[in-house]
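One letter stands for each residue in the lines below.
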Amino acid sequence: QVQLVESGGGLVQPGGSLRLSCAASGSLFSIKAMGWYRQAPGKERELVAAITRGDDTNYEDSVKGRFTISRDNAKNAVYLQMNNLKPEDTAVYYCNAEDFRYAEPYWGQGTQVTVSS
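Notes on the structure follow. (Residues numbered from 1 in each chain as written. Predicted model: local features only at pLDDT ≥ 70, side-chain atom pairs only at ≥ 80, totals over all residues. Heavy atoms only, no water.)

The next thing to look at is the sheet that holds strand β1 (residues 2–7). Spatially, β1-β3-β8-β7 is the arrangement adopted by the 4 strands of the open sheet, whose pairing is antiparallel. Either end of the sheet is taken by a strand with one partner, and the two such strands are β1 and β7 (67–72). Strand-to-strand, the axes of this sheet are offset by a mean angle of 15°, without reference to chain direction. Two strands pair when backbone bridges link them, and β1 and strand β3 (residues 18–26) are joined in this way by 6 bridges, in the antiparallel orientation. Pairing of Val5 across the sheet is with Ala23, part of β3. (Pairing = 2+ DSSP bridges. Helix = DSSP H or I, 4+ residues; strand = E, 2+ residues; numbered from the N terminus. Axes fitted to C-alpha atoms, helices over the stretch in contact; angles between N-to-C directions.)

The following block contains the structure:
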């Protein structure tokens, strides 16, 4: 089992920045990739950014050049640096971990990000 705990969400003005953190614990040896998803009211959950064990990254088109995903293996943590935030970035952001062993990924509880003036 893997546990994921997100932090760092909040209210920010358009153009501002936030850094989300995801602390992972448990059986991490079989995790092949971690990522950040978001879900806005009335919309489906979507991938924002992901990073593999080999440090390959991919981003949703609307966040390219504004968001950066990174990880700290020593701390078992994954981060999402979000710059130049826009109102359309408002959503609950979830940390996700994919396990080699299982079809279903692990999810954190989510952290709210609100971009508003």
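From this point, the discussion proceeds with the structure in view.
All right, on to the pairing of strand β5 (residues 46–52) then. Bridge count between strand β4 (residues 31–39) and β5: 6 bridges; the pairing is antiparallel. Residue pairing in the sheet places Trp36 in a bridge with Ala49 of β5. The turn joining β5 and strand β6 (residues 57–59), which pair antiparallel and follow one another in sequence, is formed by 4 residues; a positive phi near 70° is taken by Asp55.

To continue, consider the state of the cysteines. For the structure shown, the criterion picks out 1 disulfide. The disulfide partner of Cys22 is Cys95, and the gap between their sulfur atoms is 2.1 Å. In this structure the cystine formed by Cys22 and Cys95 twists about its S-S bond by roughly -85°; its chirality is therefore left-handed. With Cys22 in strand β3 and Cys95 in strand β9 (residues 91–99), this residue pair connects regions lying 73 residues apart in the sequence. (Disulfide = S-S within 2.5 Å.)

Okay, the pattern of salt bridges next. If the charged atoms of two oppositely charged side chains come close together, the side chains can form a pair. Here the structure, examined in full by the defined rule, presents 7 salt bridges. A salt bridge links Arg38 to Glu60, with the shortest nitrogen-to-oxygen separation between them at 3.8 Å. Note that Arg38 is positioned in strand β4 and Glu60 in the loop between β6 and β7, a separation of 22 residues in sequence. Of the residues examined, Glu60 reaches a relative accessible area of 24% and is grouped as partly exposed. Put simply, Lys64 and Asp61 hold a salt bridge, and the shortest N to O gap is 3.0 Å. Linked through salt bridges whose partners overlap, the residues forming this network are Arg38, Glu46, Glu60, Arg66 and Asp89. (Salt bridge = Lys/Arg side-chain N within 4 Å of Asp/Glu carboxyl O. Buried < 20%, exposed > 50% of the residue type's maximum accessible area, 1.4 Å probe, protein only.)

Here the focus is the pairing of strand β8 (residues 77–82). Of all 6 residues that make up β8, 5 are buried, and the element is covered over most of its length. The pairing of β3 with β8 spans 6 bridges and is classified as antiparallel. Across the sheet, residue Leu20 finds its bridge partner in β8, namely Leu80. Judged from the 6 bridges that link them, β7 and β8 form a sheet pairing that is antiparallel.

With that settled, consider the environment of Ser21. In this structure, Ser21 sits in strand β3. A C-alpha to C-alpha distance of 9.7 Å links Ser21 and Thr111, two positions 90 residues apart in sequence. Once residues within four sequence positions are removed from consideration, Ser21 is found in contact with Val5, Glu6, Ser7, Trp36, Val78 and Tyr79. (Contact = heavy atoms within 4.5 Å.)

A separate point is the nonpolar core. Ranked by internal contacts, the top residues of the largest apolar core, which has 28 residues, are Leu4, Met34, Trp36, Leu80, Met82 and Tyr93. Setting aside residues up to four positions removed in sequence, Met82 forms contacts with Gly16, Ser17, Leu18, Leu20, Arg66, Phe67, Tyr93 and Val113. (Core = buried A, V, L, I, M, F, W, Y, C linked by side-chain atoms within 4.5 Å.)

These figures come from the coordinates and say nothing about function on their own.
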